[in-house]
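What follows is each chain in one-letter form.
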Amino acid sequence: MGRLRVFGVGVASLSVAALSAACMSGGEADEKAAAARAKARNMAAAASEKKTETEVAAKAKANELGQIPVIMYHRIIKNPPPGDDRTPEQFRAELERLAKEDYVPITAAEYVTGKIGIPAGKHPVVLTFDDSSPSQLTLDGMGNPKPDTAVGILMDVAKKHPGFRPVATFYVIRDLFGMAKPEEQTQVLEWLKDHGFDIGNHTRDHLNLLGKPEKEVEEQIGAGQKLVTSLIKFSPVTLALPYGNQPHDKKWAMKGSGAGASYDFRGVFLAGYTPAPSPYTKDFDPVGIPRIRSKEKVGDCVKFCSTAWLDWLNANATDRFTSDGNASTVAFPKFKAPFVAAPYATRALPY
Ligand SMILES: [Zn+2]
């Protein structure tokens, strides 16, 4: 401890080395002095690196304790009935908006595990798709996504906006993109995995878990896990609750076992109504992470859906997550420091 403090003061280290040289043999003293100089150099280099990191964070107005929109989509279809489905045009327009406003997609798995590696000044957004409908992903005979599916549109927008990562999380149920044969189901899940997409658990039968006994809750979720793990080498790390409804004890959804499979999620997602907290803040609660419905400002969506929230995040930019471009630090304006979650304290970079 004492040594560290001495060497921290660059110049002092030399005189300390000189002093202790008096009671040592010549060679030993030289070695000690050289080690002290090397240590001082390393400390100085680390300090200057830290200073550069802080400057970069300040310049980017980094706020890695800010809020992140997690957008929830259902089907992407022409002439949708009233409700949560979107047309291909509406979906494309929302992605174009996100790209223009400096958002970069990350997956739900990356979000809950705090792996947010996007460039300085950019904002993460999590795109989530529920219910594994063929309108989200259908592959043609060559294994390419059909252009009017959600994945086809996302890939196309990403091509036109370099840096807009084509990634998303698919919360699948037994309908598995309308594929009946296990071989076809494997093809679609494998395609998602191979292209960097994330697959999440949405239970097997999409039952409302509210009021269901613990055994049934765990069986539905365990069976949802097996749906994926029996077809490909991939284990979902997040769950989206059907209808956003939590079971009687919300922890049942987080960890348990049923239907011959066990699960221990890093995050469980709801269906409404606000942007989500940064995974680096004390506000982050993995047992109930809010999502935002994709919709324009009509009805209760005047305030609580994607168009309204993206407007709000634009108007309140200091509340939004902005990256410093360095995935190994958690950068933020100094006064937000009391909110850093304990697991990330060692990575904190206040400025
Ligand atoms: Zn659903």
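Before going into details, it helps to say that this report is about the structure given with it. (Residues numbered from 1 in each chain as written. Predicted model: local features only at pLDDT ≥ 70, side-chain atom pairs only at ≥ 80, totals over all residues. Heavy atoms only, no water.)

Some details on the packing of helix H4 (residues 88-100) against helix H10 (residues 306-315)
The interhelical angle for the contact between H4 and H10, taken along N-to-C directions, is 10°, at an axis separation of 12 Å. Judged by the angle between their axes, H4 and H10 are roughly parallel. Contact with H4, carried on its side by Glu94, Arg97 and Leu98, involves Ser306, Thr307, Leu310, Asp311 and Asn314 of H10 and no other residues of that element. For the contact of H4 with H10, the per-class residue count stands at 2 nonpolar, 3 polar and 3 charged. (Axes fitted to C-alpha atoms, helices over the stretch in contact; angles between N-to-C directions. Helix = DSSP H or I, 4+ residues; strand = E, 2+ residues; numbered from the N terminus. Parallel < 35°, antiparallel > 145°, perpendicular 65-115°, else oblique. Contact = heavy atoms within 4.5 Å. Nonpolar A, V, L, I, M, F, W, Y, C, P; charged D, E, K, R; others polar.)

Brief notes about the coordination of the zinc ion
Protein ligation of the zinc ion involves Asp131 (OD), His202 (NE2) and His206 (NE2), the donor distances falling in the range 2.1 Å. Counting gaps between the donor residues of the zinc ion yields the pattern D-x70-H-x3-H. Of this pair, Asp131 sits in the loop between strand E3 (123-130) and helix H6 (150-160) while His202 is found in the loop between strand E5 (198-201) and helix H8 (214-229), placing the two residues 71 residues apart along the sequence. The class for His202 is buried, based on a relative accessible area of 1%. (Donors = N, O, S within 2.8 Å, 3.2 Å for Na, K, Ca; no water. Buried < 20%, exposed > 50% of the residue type's maximum accessible area, 1.4 Å probe, protein only.)

Remarks on helix H7 (residues 182-194)
Along its 13 residues, H7 runs 18 Å from first to last C-alpha, staying within 8% of the 18 Å computed at 1.5 Å per residue. Within H7, the full set of buried residues consists of Gln185, Val188, Leu189, Trp191 and Leu192. Buried residues of H7, viewed axially, fall in a sector of 155°; they line one side. Exposed residues on H7 whose side chains face more than 90 degrees from its buried face are Glu183, Gln187 and Asp194. Along its buried surface, H7 packs onto H6, strand E4 (169-172), E5 and H8. A positive phi of about 80° marks Gly196, the residue just after H7. (Expected span 1.5 Å × (residues − 1). Arc of directions from axis to C-beta.)

Remarks on the environment of Lys215
Within the secondary structure, Lys215 is located in helix H8. Looking at Lys215, the relative accessible area reads 63%, which means it is exposed. Separated by 37 residues in the primary sequence, Lys215 and Trp252 have C-alpha atoms spaced 9.2 Å apart.

Some details on the pairing of strand E7 (residues 255-258)
Residues Gly256 and Gly258 of E7 are buried on one face, while the alternating residues Lys255 and Ser257, pointing to the opposite face, are not. Of the strand pairs in this sheet, E7 and strand E8 (residues 261-264) are connected by 4 bridges, and their pairing is antiparallel. Within E8, the position partnered with Gly258 by the bridge is Ala261. In textbook terms, the turn of a hairpin is the stretch between consecutive antiparallel strands, and for E7 and E8 this stretch comprises 2 residues, one of which, Ala259, has a positive phi near 55°. (Pairing = 2+ DSSP bridges.)

A look at the packing of aromatic side chains
For the structure shown, the criterion picks out 15 aromatic pairs. Where Tyr171 meets Phe269, the ring centres are 6.1 Å apart and the plane angle is 45°; that geometry is what we call tilted. Of this pair, Tyr171 sits in strand E4 while Phe269 sits in strand E9 (residues 267-269), and the two are 98 residues apart along the sequence. With respect to burial, Tyr171 and Phe269 carry one shared label: buried. For the pair Tyr263 and Phe265, a centre-to-centre distance of 5.3 Å together with 25° between the ring planes defines the contact as stacked. On the basis of relative accessibility, which here comes to 3%, the residue Tyr263 falls in the buried class. (Phe/Tyr/Trp six-rings, centres within 6.5 Å; stacked < 30°, edge-to-face > 60°.)

Points about the pattern of salt bridges
In total, this model carries 18 salt bridges according to the counting rule given. Across the salt bridge formed by Lys78 and Asp148, the nearest N and O atoms sit 3.1 Å from each other. Placement of the pair is Lys78 in the loop between strand E1 (70-73) and H4 and Asp148 in the loop between E3 and H6, with a sequence separation of 70 residues. Looking at Asp148, the relative accessible area reads 39%, which means it is partly exposed. Here Asp102 and Lys122 are joined by a salt bridge, their closest N and O atoms 3.2 Å apart. Taken as a pair, Asp102 in the loop between H4 and strand E2 (103-106) and Lys122 in the loop between helix H5 (108-112) and E3 lie far apart in primary sequence, 20 residues in all. Here Lys122 falls in the partly exposed class, since its relative accessible area comes to 26%. Connected via shared salt-bridge partners are Arg97, Glu101, Lys297 and Asp311. (Salt bridge = Lys/Arg side-chain N within 4 Å of Asp/Glu carboxyl O.)

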